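Chain by chain, the residues:
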Amino acid sequence: MTDINVPVSVLNLAPVRLGQSMREAVESMVDLAQAVEKMGYERYWIAEHHNTSTLVSSATSILMKHTLEHTDSIRVGSGGVMLPNHSPLVVAEQFGTMATIYPDRLDLGLGRAPGTDMLTASALRRSQSDTVHSFPDDVQALLTYFGPEERQGYVKANLGIDTNIPIYILGSSTDSAVLAAKLGLPYVFAAHFAPAHMEEAISIYRRDFQPSEYLDSPYMMVCLNVIAAESDDEARFEQTTMQQFFLNVVRGARQPLSPPVENMDDIWNPREKEMASSMSSATLLGSKSSVRDQFMRFQEKYAVQEIMVVSYIYDPGKQKRSYEMLKEVVQNK
């Protein structure tokens, strides 16, 4: 029998629900962190997105600090810091400061995408010459900043020295798998919105992995969507909130996270349905027994070391119940 008792973690894009203020969205983010901490989730990561009025996850490190302040034990991380937007030194200083205040509770997930449109990315970036091509050097700089005193150069992130904050390479393509394998770092694949290259990326990462001082063997995490409910029918109904979320992505619309609807075909056209469904195909959906079966099939095929999940459910209580049911599945309850 496949072992599904693997660590499970949570990703939050910190969406604004219909009828919520941005402050209330931040409060919901903290409330969920507190709930999944009590459930025994491994870590709670917060995304980075810019110029998106329906997501409050633009200042990720500030949201992380706020979450750390209002939780006790769960690891809090970035899913991720989009390095093209940030100086590695500034990231090291911010995370080093948080690690000094909250030791052994931070994770630093790093991505090479801008997390926004190109016009906004241009406004965010340090200089117009910076591109994703500097990503490997930036990762290496952060590893150095968090390392021992004797490896530091003249420029130091003083609060970051010897913190050894774990760094995770995030990605939705095979490029990131190659880099994570080369550096011997844990790898997190974003199947929750870009599942197309998941299988190939996992294969490349495991095949090419080079042991490092950070990791002896590959550590593969995959991020999936989860919509768990008391019955398959109820889960399919709640899923329409997620379907509307991805339809907004397809349309480039800025609608808040919306309540479920009876019939999505009243809202999207066939082409939009196909595109949104493709983006969200890596989803654990249904009753607890259905989610257990899907999780077991996933693990039989991929045997990943950790699952990270995101749950777009409008009702906060039902969202928490979805996470609770998944945790029960993993613990074989």
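Before reading on, note that the structure itself is shown above.
So, here is what we can say about the structure in this document. Throughout this document, residue positions are counted from 1 along each chain, in the order its sequence is written. Residue-level local features of this predicted model are given only where pLDDT is at least 70; pairs of side-chain atoms are given and counted only at 80 or more, and the full residue set underlies all totals for whole chains, interfaces and linings. Remark: hydrogens and water are excluded; side-chain values derive from all non-hydrogen atoms of the structure.

### Details of the overall build of the protein
Part 1 of the reasoning: In this text, helices come from DSSP runs of H or I with a minimum length of four residues, and strands from runs of E with a minimum of two, each type numbered from the N-terminal end. Each helix and strand in the protein was counted, giving 11 helices and 9 strands.
Part 2 of the reasoning: Taken over the C-alpha trace, the protein has a radius of gyration of 19 Å; the compact-globule value for 333 residues is 20 Å, and the two agree within 12%.
Part 3 of the reasoning: Its C-alpha atoms give the protein principal-axis dimensions of roughly 60 × 45 × 40 Å.
Part 4 of the reasoning: Only protein chains enter the accessibility calculation, which uses a 1.4 Å probe. A residue is then buried if its area is under 20% of the maximum for its type, exposed if over 50%, and partly exposed in between. In the protein, which comprises 333 residues, the share counted as buried stands at 55%.
Part 5 of the reasoning: Between two residues, a contact is recorded if the distance between any of their heavy atoms is within 4.5 Å. Here the analysis covers contacts within the protein between residues at least 6 apart in sequence; of these, 73% occur between residues at least 24 apart.
Part 6 of the reasoning: Using a 1.4 Å probe, the Shrake-Rupley method yields the accessible areas, and only the shown protein chains count as cover for residues. With the model as given, the accessible surface of the protein reaches about 14600 Å², and the carbon-plus-sulfur share is 50%. Atoms considered for the radius of gyration are the C-alpha atoms alone. The globule rule reads 2.2 Å times the number of residues to the power 0.38.

### What about the pairing of strand β2 (residues 43–46)?
Part 1 of the reasoning: Burial along β2 is two-sided: R43 and W45 facing one way and Y44 and I46 facing the other are all buried.
Part 2 of the reasoning: Two strands pair under a simple rule: DSSP has to find at least two bridges between them. Where strand β1 (residues 8–12) lies against β2, 3 bridges are found, and the strand directions are parallel. The residue of β2 that forms the bridge with V10 is Y44.
Part 3 of the reasoning: Look down the strands so they point away from you; if going from the first strand over the helix to the second traces a clockwise path, that crossover is right-handed. You can see the chain leave β1, run along helix α1 (residues 22–39) and come back into β2, and the turn it takes is right-handed.
Part 4 of the reasoning: Pairing analysis gives 4 bridges linking β2 to strand β3 (residues 75–82), with the strands arranged parallel. Bridge pairing in β3 places I46 opposite S78.
Part 5 of the reasoning: Taking the sense of rotation as the criterion, the β-α-β connection linking β2, helix α2 (residues 60–69) and β3 turns out right-handed.

### Here's the deal with the pattern of salt bridges
Part 1 of the reasoning: A carboxyl oxygen of Asp or Glu within 4 Å of a side-chain nitrogen of Lys or Arg is what we treat as a salt bridge. Inspection of every chain in the model, using the stated rule, returns 17 salt bridges.
Part 2 of the reasoning: Across the pair E27 and R23 runs a salt bridge, and its minimum N-O distance is 3.3 Å. Separated by 4 residues within a single helix, E27 and R23 lie in helix α1, roughly one turn from each other.
Part 3 of the reasoning: One connected set of salt bridges, linked through shared partners, spans E230, K288, R321, E324 and E328.

### Considering the side chain of S212
Part 1 of the reasoning: Mapped onto the elements of the fold, S212 is located in the loop between α7 (198–208) and β7 (220–228).
Part 2 of the reasoning: Accessibility expressed as a relative area gives 18% for S212, which makes it buried.
Part 3 of the reasoning: At 2.7 Å, the side chain of S212 forms a polar contact with the backbone oxygen of G184.
Part 4 of the reasoning: If near-sequence neighbours (up to four positions away) are discounted, S212 is found in contact with L183 and G184. We define a polar contact as two N or O atoms separated by no more than 3.5 Å, with the added condition that, inside protein, one atom must be a possible hydrogen donor and the other a possible acceptor, whereas residues neighbouring each other in sequence contribute only through side-chain atom pairs.

### Some thoughts on the packing of aromatic side chains
Part 1 of the reasoning: Between the rings of Phe, Tyr and Trp (Trp by its six-membered ring), a pair exists once the centres lie within 6.5 Å; its type follows the angle of the planes, with under 30 degrees stacked, over 60 edge-to-face, and the other angles tilted. Throughout the structure, instances matching the rule amount to 9 aromatic pairs.
Part 2 of the reasoning: With 5.1 Å between their ring centres and 70° between their planes, W45 and Y168 make a pair best called edge-to-face. Here W45, found in strand β2, pairs with Y168, found in strand β5 (residues 167–171); they are 123 residues apart in sequence, far enough to count as distant. In this pair, the class of W45 matches that of Y168, namely buried.
Part 3 of the reasoning: Taken together, Y187, F189, Y205 and F209 form an aromatic cluster joined through their ring pairs.

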